[in-house]
Amino acid sequence: MTNFLQKLFGNTTGRRGVGAIIIFVIIWHVGSQLDEWTGYDILGIGLVPPPADVFVAFLGVVPKVGYWMSWVASFSRVITGFIVAMIIGIPFGLLLAVNRYFRGVFFPPFEILRPIPPLAWVPASLIFWPTNEMSIAFVTFLGAFFTIVINVLGGARNIDISYLRAAQSMGASQFDLFWKIVLPGTLPSIFTGAAVGMGITWEVVLAAEMISGGGTQGGGGLGFFIWSSYMGGSLEQIVVGMISIGIAGYLSSSAIRKIGYHFMPWRRLF
Amino acid sequence: MSTPKTITKASSSAKNKKSSSSKASSAAKAKKLTSSLVELKNVSKSYGEEWASDNVLKNISVEFPAGELTVIVGPSGCGKSTLVNLLAGFEKPDEGRALIDGKEITGPAKDRMVVFQETALIPWQTTLQNVTFGPKMRGDKKGPSLVREAEDLLIKVGLGEFMNKYPIQLSGGMQRRAELARALINEPTVMIMDEPFRGLDAMSRSLMQEFFLELFDENQKTNIFVTSEIDEAIFLADNLVILSNKPTTVQTVIKIDLPRPRNYKMLTTAKAFKYRRQAMELLHGEALKSFAVLK
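For every chain, the first residue of its written sequence is number 1, and the numbers climb from 1 along that sequence. Key to labels: chains lettered from A, ligands numbered from 1, both in the order written. The predicted origin of the model limits local features to residues at a pLDDT of at least 70 and limits the giving and counting of side-chain atom pairs to 80 or more, whereas totals for whole chains, interfaces and linings rest on all residues.

Undergrad: How would you summarise the overall build of chain B if you had to cite specific residues and measurements?
TA: Working definition: helices are DSSP H or I runs of at least four residues, strands are E runs of at least two. Numbering for both runs from the N terminus. Scanning chain B for helices and strands turns up nine helices and ten strands. Going through the 295 residues of chain B one by one, you find that 43% of them count as buried. For chain B, long-range pairs separated by at least 24 residues make up 71% of all intrachain contacts whose partners lie at least 6 apart in sequence. Counting other C-beta atoms within 10 Å of each residue's C-beta, where C-beta atoms are placed from the backbone, gives the exposure class: buried for 20 or more, exposed for 12 or fewer, partly exposed between. Contacts are defined on C-beta atoms placed from the backbone: any two residues whose C-beta positions lie within 7 Å are in contact.

Dropping the structure here:
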């Protein structure tokens, strides 16, 4: 813990970040209280519960197992969809990039399916997949899949041809060209795709949870938490849910950044 | 050290028969001296569809004598890089033949190493990994002895302290030297340099030229050096090939008869001035033609 605090306050970036959050909370507080103080109201912000009330509501849900089960439920859906999207998306994108025939066959249908927003898939997948859980995971998968594929494809096609030529001159086989040049050259794009895809997965999973009323399977998830708070009319809890999602998304993207940092030592120098 | 003239076409082809590989001690020296004769015979190359083709090279014949440094200069956009791609085997001529020691060039191979215009060091490999890449890929050199050889080469090009750095941590001049080391470890018989010092500042550029000449004097490989700088060309060259405007042919070959080892003072001699003027006039004429086309 002291280590964490040291990291947070020990450098300018950390102090700046914490400062920014404090300023944000102050603005939020002032915005929510403005009506009471002056009689004037900033449209929208005036109705938001003040941070203190939200904090109290947060303390109210923290001891409840249900709240943490929502975290677990949403996280496991996100991770499932995301990992399946990575497992299928990365090889698919690489194949599209390196094989002309594969690209000829699979790229056109891919491009037709890609613009369909994941949420438009929700009704269809609720019908097609046997359980709610599976349909949510499928929609989550779609959210990440297209982004990952497009990034991998773009990254692999953008590799400087002189690397390939140099490696070829030095006697690298097709196998080596792929593993030593194409794949590491695509890694930055893979991680960009993963980070963006992870963001979309969160967007999608929450909406999917709201629409499907994920609660029927036990563990409604954070999206359902917000939805039921809305139904129950608890404004403070809605904000608690929103902030929880923000934190969850932030944790997931930092995890991806950490992994990327580990796998791409040459990128640390930028 | 032997002078360039000791390496004739005959001796170089004899060495290519790998007769020396059995004699372990002399093998290393003999290998280093191995160089090849490279020729283009009536080569034409164009790009695009037949009905809208851009004729880049037209009926070019040029010889790159074994163990000599031949510099190619020409107006910008005249197809110098296309020439490099043909010699390296990245592309094939539409007509005519590209030959190395009389044999057709069929693709890229380790006997012809290219140093590219922009650095082609692999960004995700350290300097040392870059240098050992070729032998590792082919599996012809391995383990600690390969690493030692690579380290020696890197020390020789002045990068002893930078072996475990990534290319992005090196300056422009260092990157070019690392690339030279990466090419040399493959023991090519031909070095193809495609404007290798472009983009370096004037000081590093002249240092690199001197360093490059030292390496050349030591190794005596066939060198094909593309540049757009006349001073650089005259300073380096045994033979100066001046290309014409597009569709490109060989306009003139000037034999640069300056003694080796060379230094910068030689560029201010009357002889060098004469070469410079001759080259300038030819190139200026060609440049004017392309300028007129633009108008």
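Undergrad: Which residues make up the overall build of chain A, and what values do they have?
TA: Scanning chain A for helices and strands turns up eleven helices and zero strands. Its helices and strands taken in sequence order, chain A reads α-α-α-α-α-α-α-α-α-α-α from the N to the C terminus. Seen along its three principal axes, the alpha-carbon backbone of chain A occupies a region of about 75 × 50 × 35 Å. When each of the 270 residues of chain A is scored for burial, the buried share is 33%.

Undergrad: So what's going on with the nonpolar core? Which residues, and what values?
TA: Note on terminology: a nonpolar core is any set of buried Ala, Val, Leu, Ile, Met, Phe, Trp, Tyr and Cys residues joined through C-beta atoms within 7 Å. One finds Ile 148 of chain A together with Val 71, Leu 87, Ala 181, Ile 192, Ile 224 and Leu 240 of chain B to be the most contacted residues of the largest nonpolar core, which totals 123 residues. Here this core takes 15 residues from helix 7 (residues 132-157) of chain A, the largest share from any one element. Those residues in contact with Ile 148 of chain A, other than ones at most four positions away along the chain, are Ala 85, Met 86, Gly 89, Ile 90, Gly 93, Gly 193, Ala 194 and Gly 197 of chain A.

Undergrad: Can you lay out the packing of helix 4 (residues 65-98) of chain A against helix 7 of chain A for me, pointing to particular residues and giving the numbers?
TA: All names here are of chain A. Two numbers describe how helix 4 lies on helix 7: the axes approach to 7 Å, and their chain directions differ by 30 degrees. On the basis of their axis angle, the class for helix 4 and helix 7 is roughly parallel. Taken as a pair, helix 4 and helix 7 cross one another with a handedness that is right-handed. The class makeup of the residues in the contact of helix 4 with helix 7 is 22 nonpolar, six polar and two charged. Structural elements are reduced to axes, namely lines fitted to C-alpha atoms, with helices fitted over the stretch in contact, and the angle between N-to-C directions of any two is expressed from 0 to 180 degrees. Any angle that falls under 35 degrees is termed roughly parallel, while one over 145 is termed roughly antiparallel, one within 65 to 115 roughly perpendicular, and all others oblique. Crossing handedness follows the turn of the near helix against the far one: under a right angle anticlockwise gives a left-handed crossing, and clockwise gives a right-handed one. Note on residue classes: Ala, Val, Leu, Ile, Met, Phe, Trp, Tyr, Cys and Pro are nonpolar, Asp, Glu, Lys and Arg are charged, and everything else, Gly too, is polar.

Undergrad: Explain the sheet that holds strand 8 (residues 222-226) of chain B to me, using residue names and the numbers behind them.
TA: Residue and element names in this part refer to chain B. Strands were regarded as paired on the criterion that DSSP finds at least two bridges between them. Reading across from one edge, 6-7-8-3-9-10 is the order of the six strands in this open sheet, with mixed pairing throughout. The sheet is open, and its two borders are formed by strand 6 (112-115) and strand 10 (250-255), each paired with just one other strand. Neighbouring strand axes in the sheet, compared pairwise and without regard to direction, differ in orientation by 15 degrees on average. In the sheet, strand 3 (residues 69-73) pairs with strand 8 via four bridges, with the strands oriented parallel.

Undergrad: I'd like a description of the domain arrangement of chain A, backed by residues and values.
TA: Under the domain assignment used here, chain A contains domain 1 (1-48) and domain 2 (50-265). Here the bounds of each domain stem from an automatic or database domain assignment. Using C-alpha coordinates to define each centre, domain 1 of chain A is positioned 29 Å away from domain 2 of chain A.

Undergrad: A description of the interface of chain B and chain A should follow, citing residues and the corresponding values.
TA: Every contact between the two is made by 22 residues of chain B and, on the other side, 14 residues of chain A. Listed by contribution, the elements that provide at least two residues to the side of chain B that touches chain A are strand 6 and helix 4 (127-138) of chain B. No other element matches the four residues that helix 4 of chain B contributes to the side of chain B that touches chain A. Here the side of chain B that touches chain A is built from residues that sort into 15 nonpolar, three polar and four charged.

Undergrad: Provide a residue-level description of the pairing of strand 4 (residues 95-100) of chain B, including the pertinent values.
TA: Residue and element names in this part refer to chain B. Taken together, the five bridges between strand 1 (residues 38-47) and strand 4 define a ladder with antiparallel strand orientation. For Val 38, the partnering residue across the bridge sits in strand 4 and is Ile 100. Where strand 4 meets strand 5 (residues 103-104), two bridges bridge the pair, whose relative direction is antiparallel. Counterpart to Leu 99 in the pairing with strand 5 is Glu 104.

Undergrad: With reference to specific residues and values, describe the environment of Pro 75 of chain B.
TA: All names here are of chain B. Structurally, the position occupied by Pro 75 is in the loop between strand 3 and helix 3 (80-88). Sequence separation between Pro 75 and Lys 246 is 171 residues, and the spatial gap between their C-alpha atoms is 8.9 Å. Excluding its chain neighbours within four sequence positions, the residues that come into contact with Pro 75 are Asn 245, Leu 283, Glu 286, Ala 287 and Ser 290.

Undergrad: For the domain arrangement of chain B, give the residues involved together with the corresponding values.
TA: All names here are of chain B. You can read the domains of chain B as domain 1 (53-97 + 105-111 + 189-295) and domain 2 (121-187). Relative placement of domain 1 and domain 2: their C-alpha centres are 26 Å apart. Counting residues at the interface gives ten residues for domain 1 and eight residues for domain 2. Among the elements that line the side of domain 1 that touches domain 2, the one with the most residues is helix 7 (residues 202-219), at four residues. Across the side of domain 1 that touches domain 2, the residue classes tally to seven nonpolar, two polar and one charged.

Undergrad: Outline unusual backbone geometry, listing residues and values.
TA: Residues and elements named next belong to chain B. Here the residue pair Arg 260 and Pro 261 is connected by a cis peptide bond, since its omega of -5 degrees sits within 30 degrees of zero. Relative to the helices and strands, Pro 261 is located in the loop between strand 10 and helix 9 (270-294). Backbone geometry places Asn 42, a non-glycine residue, at a positive phi of 50 degrees. You can see Asn 42 is positioned in strand 1. Located in the positive-phi region is Asp 101, a residue other than glycine, with phi close to 50 degrees. Mapped onto the secondary structure, Asp 101 falls in the loop between strand 4 and strand 5.

Undergrad: Can you explain the pairing of strand 1 of chain B? Please cite residues and give values.
TA: The sheet contact formed by strand 1 of chain B and strand 2 (residues 54-64) of chain B spans seven bridges and is antiparallel. Bridging from a neighbouring strand, Lys 45 of chain B pairs with Leu 57 of chain B of strand 2 of chain B.

Undergrad: Outline the sheet that holds strand 4 of chain B, listing residues and values.
TA: All names here are of chain B. Pairing within the open sheet is antiparallel, and its four strands lie in the order 2-1-4-5. The open sheet has two free edges, formed respectively by strand 2 and strand 5, since each of these has just one partner strand. Helix-sheet contacts for helix 3 involve strand 1, strand 2 and strand 4, and the interaxial angle to strand 1 is about 120 degrees.

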